[in-house]
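Single-letter residue listing:
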Amino acid sequence: MHEQYSPREIEAAAQSHWDAQKSFVVSEQPGKDTFYCLSMFPYPSGKLHMGHVRNYTIGDVIARYQRMQGKNVLQPMGWDAFGMPAENAAMKNQVAPAKWTYENIAYMKSQLKSLGLAIDWTREVTTCKPDYYRWEQWLFTRLFEKGVIYRKNGTVNWDPVDQTVLANEQVIDGRGWRSGALIEKREIPMYYFKITAYADELLSSLDELDGWPEQVKTMQRNWIGKSFGADIVFDYDVASIGIDGQLKVYSTRPDTLMGATYVAVAAEHPLAQRAAESNPAIAAFIAECKAGSVAEADMATMEKKGLATGQFVIHPLTGDKLPVFVANYVLWGYGEGAVMAVPAHDERDFEFAGKYDLPIKQVYTGEGKDYDTSTWQDWYGDKAGLTTINSGKYDGLDFSAAFDAIVGDLEASAHGARKTQFRLRDWGISRQRYWGCPIPIIHCESCGDVPVPEDQLPVVLPEDVVPDGAGSPLAKMPEFYECSCPKCGAPAKRETDTMDTFVESSWYFARYASPNYEGGMVDPQAANHWLPVDQYIGGIEHAILHLLYARFFHKLMRDEGLVSSNEPFKNLLTQGMVVAETYYRTLENGGKDWFNPADVEVERDAKAKVIGAKLKSDGLPVEIGGTEKMSKSKNNGVDPQDMIDQYGADTCRLFMMFASPPDQSCEWSDAGVEGANRFLRRVWRLAHAHVSAGLPGKLDITSLSDEQKAVRRAIHLAIKQASNDIGQHHKFNTAVAQVMTLMNVLEKAATATEQDRALVHEGLEIVTLLLAPITPHISHELWQRLGHSDAVIDAQWPQVDESALVQDSLTLVVQVNGKLRGQIEVPASASREEVEAAARANENVLRFTEGLSIRKVIVVPGKLVNIVAN
Ligand code: ANZ
Ligand code: ZN
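Analysis parameters
- Residues numbered from 1 in each chain as written.
- Chains lettered and ligands numbered in written order.
- Predicted model: local features only at pLDDT ≥ 70, side-chain atom pairs only at ≥ 80, totals over all residues.
- Heavy atoms only, no water.
- UniProt positions renumbered as here; feature names shortened; annotations may be inferred.
- Donors = N, O, S within 2.8 Å, 3.2 Å for Na, K, Ca; no water.
- Tetrahedral: all angles 85-135°; square planar, octahedral: opposite > 155°, others 65-115°.
- Helix = DSSP H or I, 4+ residues; strand = E, 2+ residues; numbered from the N terminus.
- Phe/Tyr/Trp six-rings, centres within 6.5 Å; stacked < 30°, edge-to-face > 60°.
- Buried < 20%, exposed > 50% of the residue type's maximum accessible area, 1.4 Å probe, protein only.
- Lys NZ or Arg CZ within 6 Å of the ring centre and 35° of its normal.
- Axes fitted to C-alpha atoms, helices over the stretch in contact; angles between N-to-C directions.
- Parallel < 35°, antiparallel > 145°, perpendicular 65-115°, else oblique.
- Contact = heavy atoms within 4.5 Å.
- Nonpolar A, V, L, I, M, F, W, Y, C, P; charged D, E, K, R; others polar.
- Core = buried A, V, L, I, M, F, W, Y, C linked by side-chain atoms within 4.5 Å.
- Expected span 1.5 Å × (residues − 1).
- Near = heavy atom within 4 Å.
- Polar contact = N/O pair within 3.5 Å; in protein donor to acceptor, adjacent residues only side chain to side chain.
- Areas by Shrake-Rupley, 256 points an atom, 1.4 Å probe, with all protein chains shown as cover.
- Disulfide = S-S within 2.5 Å.
- Pairing = 2+ DSSP bridges.
- Salt bridge = Lys/Arg side-chain N within 4 Å of Asp/Glu carboxyl O.

- Looking at an unreviewed UniProt entry, the protein carries the name Leucine--tRNA ligase, with the source organism given as Ectopseudomonas guguanensis.
- Under the UniProt heading Catalytic activity (unreviewed entry), the note attached to the protein is "tRNA(Leu) + L-leucine + ATP = L-leucyl-tRNA(Leu) + AMP + diphosphate".
- Recorded under Sequence similarities (unreviewed entry), the UniProt text for the protein is reproduced unchanged: "Belongs to the class-I aminoacyl-tRNA synthetase family."

Here is the structure:
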């Protein structure tokens, strides 16, 4: 064993051992407990960032810990390989997205390998490869035939200069990111997944996910947005509208119908369109609304605007005529695209009514509540404790009585009905992009949209294309789109849109169970063996879309008979961000020039408090901007590769795990990394000293001295607490702290006798085992050096010897009036009275209480005695 800890050598050795032994290649083993540990797969952007390293280290620690629990652990990895960055990079560097992507994958894979992750690489899945997306296309055709996928017109951002559709994030201040042209909204045919058909189940089965953070479940619930209300029908006023008809609105507050003073419709609504025919101002307003944002966050904050259409509808309960407005705050895609406005009790309507001087009619009141139309107050939304007023025969009712009475009457007169609805929309998956999975549909003039037959799948995406940014390249490639109709054989046109890349990441977790299976999307037997995933780990940014789509896909696959479980991920851990200090100088134009932490030297005072920072290159001061998520924009990213090259993977892993609990943010610090490295060197040093003196014989636990008992107690206490921290709470940071405490004891422990050394041996074994999931390379090496012929990855997690925890005597701290004055040793079995007596008899206590009378003695069992005297 070398005297020096040299991570480069031992990490290479451990990794080649695992490779040679195929240590992490797993197969189904009936009868053995499985554990499927999955980290969200990366987009192959070029190189790993610190967030990846943290994510994959957490996953790896859990996987390795579970293996030591005797489980058959599956930990796979793959690549979420389609997507826009590849197209952008391709345009910039004139290389095909495929080539760029595959090169990035090769590099990032080597980085992942250098981290020493316990991954079964034989299961690697790359979503841009035809053997993967073939099955996505296969499912698409099945779902299309079932009607779970359908085609309808959707609104997209159209760049008139580049002649292309843009994603929302490519539209900056209303202009195309490349061309700078004003973006138009366009209606084009698109494919939709009918996720709304699963809305109820996606909502209700959240209740079964005990292993998910509450916060994520709440975000999903809000996104699905189930609401209870009613459709309410207003007959047209024929005189003003010109035709007979009915306007339907959806309201969650039909109980407030008596307070409705106008109705408002979306720009796309037929009544608005009708009004526009004879009113150019309305036509112009509609055009303006359509150009605006459809993002809901913007809808909530933007200024409410509208125009009276001159039309009226009839209130279904009072027979009053209500004016019809077209308003920008009414969404076309939600409910009926029309609202009954109750300005007295709805904030948006209140703002609108105030602006256009529309009547406000209060229909609820409450004890001690003052109604005031000059400003919006928030008590109206709180249904509890309010009763109806100004509502004729519905006066004096609470929310649910008013709701029932009004909806009952509406139902009786066929002017309304109870309705539950969801905020969730169907999932539009058509993208007018090149680097994605081709949609397997053929358009035939006589047969319509024909799914590509199974024996003609996959529809292969040509890989040697360099897009030019102007429109989809596929739409310009007759060799791609010219085909014949699978039904009638006539010349036909292949669909040139590709799928949203969220589709690939919605089922990769299932493909890992049988990644090379050619008989279907998944081998059901293998999929059911491994699924659901026992532990899923990833960023909170995926709390809604990815996790919702994956849950949806799992249910789709279940309904195809491919998997039998209802949910894909049993336990979810959302890891916190990696943050780092930021440094900047203010430029003359007021902008900021950000400096990387690596180029900055921090100045501290004698107490290590930061007092300033200087740029290394010019020695001049820089401002400290506070800690923020590592990002390019603040230039505070640290390249994990530098850290691995300098200190080794184990240091990097230990730092990440020790810095904070996995669900909280982890602050990058050079000092922290150095500290982690120093600790590993300490472990190494102690092990080296121990091993060099020759391995001791067996420990005889029946003949331990008091000092030896204390050491052994520290060893087993560390096992107990670390097991608890990791196994029950994923608190790797405190588990590491336990090992550090144990190391302090072992470093001071006697080594005089064979028994002393046998005890240190046990201690070092425990340190090695407890660290094995976190720092697997050094543990691999130490385990061998400590005399084991099997590898540490095959060792069992250590068991606590409860008898070692039993204490014969306890040391208690003694205080007089809260000040530390001494220590006493008492038998562990001592009663309260005995402890108190021992404390009173203590020499120092006698000295500090001389001349005083003792008022009270507080005993905190196992810890301290405080004597109150005056
Ligand atoms: C009258 C009313 C009175 C309403 C009141 C609310 C409070 P959630 O809960 O999100 O489902 N609404 C309906 N369709 C709309 C659309 N297309 N665009 C904008 N707003 C729309 O929201 C349902 C409520 O949002 C409905 O209940 C309706 O306003 C409005 F004191 O009707 B309410
Ligand atoms: Zn045909």
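### Details of the coordination of the zinc ion (ligand 2)
At step 1: Coordination of the zinc ion (ligand 2) by the protein is provided by Cys444 (SG), Cys447 (SG), Cys485 (SG) and Cys488 (SG), with metal-donor distances spanning 2.2 to 2.4 Å.
At step 2: The coordination sphere of the zinc ion (ligand 2) comprises four donor atoms, whose angles at the metal cover 106 to 114 degrees; the geometry is tetrahedral.
At step 3: Linear spacing of the donor residues for the zinc ion (ligand 2) on their chain is C-x2-C-x37-C-x2-C. Linking Cys447 in the loop between strand E21 (441–444) and strand E22 (448–451) with Cys485 in the loop between strand E23 (482–484) and strand E24 (491–494), this pair joins segments that are 38 residues apart in sequence.

### With respect to the packing of aromatic side chains
At step 1: Inspection of every chain in the model, using the stated rule, returns 37 aromatic pairs.
At step 2: Seen in terms of ring centroids, Trp427 and Tyr549 are 3.6 Å apart; in terms of plane orientation they differ by 5 degrees. Their pairing is stacked. With a gap of 122 residues between them, Trp427 in strand E19 (residues 427–428) and Tyr549 in helix H17 (residues 545–559) connect regions that are remote in the sequence.
At step 3: With a relative accessible area of 11%, Tyr549 lands in the buried category.
At step 4: Of note, Lys383 hangs over the ring of Phe399, and the distance from its end group to the ring centre comes to 4.5 Å.
At step 5: Lying across the ring of Tyr584, Lys592 places its NZ or CZ 4.6 Å from the centre.

### Topic: the packing of helix H1 (residues 7–21) against helix H24 (residues 776–785)
At step 1: The N-to-C vectors of H1 and H24 enclose an angle of 85 degrees; their axes lie 9 Å apart at closest approach. The angle between the axes of H1 and H24 places the two elements in the roughly perpendicular class. Along the contact surface, H1 presents Ile10, Glu11, Ala14, Gln15, His17 and Trp18, while H24 presents Pro776, His777, Ile778, His780 and Glu781.
At step 2: When grouped by side-chain class, the residues that make up the contact of H1 with H24 number five nonpolar, four polar and two charged.

### Side note on the nonpolar core
At step 1: Among the nonpolar cores identified, the biggest contains 176 residues, and Phe193 and Phe509 are the most heavily contacted of them.
At step 2: Within the second largest apolar cluster, 39 residues are counted, among which are Leu257, Met258, Val263 and Val363.

### Description of helix H21 (residues 706–729)
Residues three or four positions apart in an α-helix share a direction because the helix packs 3.6 residues into each turn.
At step 1: The end-to-end C-alpha separation of H21 is 33 Å, in line with the 34 Å expected for 24 residues at 1.5 Å each.
At step 2: In this fold, the buried residues of H21 make contact with helix H2 (50–68), helix H22 (732–748), helix H23 (754–771) and helix H25 (802–805).
At step 3: Positive phi appears at His730, one or two residues downstream of H21, with a value of about 55 degrees.

### Considerations on the site of ligand 1
At step 1: Around ligand 1 sit 18 residues, and of these Ser227, Ser251, Thr252, Leu331 and Tyr334 come closest.
At step 2: One of the backbone nitrogen or oxygen atoms of Thr252 is found 3.0 Å away from an oxygen atom of ligand 1.
At step 3: Note that an oxygen atom of ligand 1 is positioned 3.3 Å from one of the side-chain N or O atoms of Arg348.
At step 4: Taken by itself ligand 1 offers 650 Å² of open surface, and the protein chains cover 85% of this.
At step 5: For the shell around ligand 1, the elements supplying multiple residues, two or more each, are strand E11 (246–251) and strand E15 (338–341).

### Considerations on the environment of Lys709
At step 1: Note on placement: Lys709 falls in helix H21.
At step 2: Expressed as a C-alpha distance, the spacing of Lys709 and Val806, which sit 97 residues apart in the sequence, is 9.3 Å.
At step 3: With residues up to four places along the chain from it excluded, the contact list for Lys709 reads Leu704 and Asp808.

### Brief notes about the packing of H21 against H23
At step 1: It is the contact of H21 with H23, at a shortest axis distance of 10 Å, that shows an interaxial angle of 10 degrees. As far as their axial angle goes, H23 and H21 are roughly parallel. Every residue of H23 that contacts H21 at Gln708, Val711, Arg712, Ile715, His716, Ala718, Ile719 and Ala722 is listed here: Gln755, Asp756, Leu759, Glu762, Gly763, Ile766 and Leu770.
At step 2: Across the contact of H21 with H23, the residue classes tally to eight nonpolar, four polar and three charged.

### Looking at the state of the cysteines
At step 1: Under the counting rule described, the total for this entry stands at zero disulfides.
At step 2: This cysteine, Cys652, is not joined by any disulfide, and Cys666 carries the nearest cysteine sulfur, 9.8 Å off.
At step 3: In this structure Cys652 comes out as buried when scored by relative accessible area, which is 0%.
At step 4: Accessibility expressed as a relative area gives 0% for Cys666, which makes it buried.

### Focus: the sheet that holds strand E9 (residues 184–193)
At step 1: The four strands lie next to each other as E6-E5-E9-E19, forming an open sheet whose pairing is antiparallel. In this open sheet, the two strands that pair with only one neighbour each are strand E6 (164–166) and E19.
At step 2: By the bridge criterion, three bridges tie strand E5 (residues 149–159) to E6 in an arrangement that is antiparallel. Bridge pairing links Trp158 to Val165 in E6.

### Some words on the pattern of salt bridges
At step 1: Summed over the entire model, instances satisfying the criterion amount to 41 salt bridges.
At step 2: Arg348 is paired through a salt bridge with Asp346; the nearest N and O atoms lie 3.4 Å apart.
At step 3: With relative accessibility at 45%, the residue Arg348 sits in the partly exposed group.
At step 4: Glu747 is paired through a salt bridge with Arg682; the nearest N and O atoms lie 2.8 Å apart. Of the two residues, Glu747 sits in helix H22 while Arg682 sits in helix H20 (residues 670–692), which places them 65 residues apart along the sequence.
At step 5: Taking the relative accessible area as the measure of exposure, Glu747 reaches 34% and is therefore partly exposed.
At step 6: In this structure, a network of salt bridges that share partners links the residues Glu201, Arg551, Lys555, Arg558, Asp559 and Glu567.

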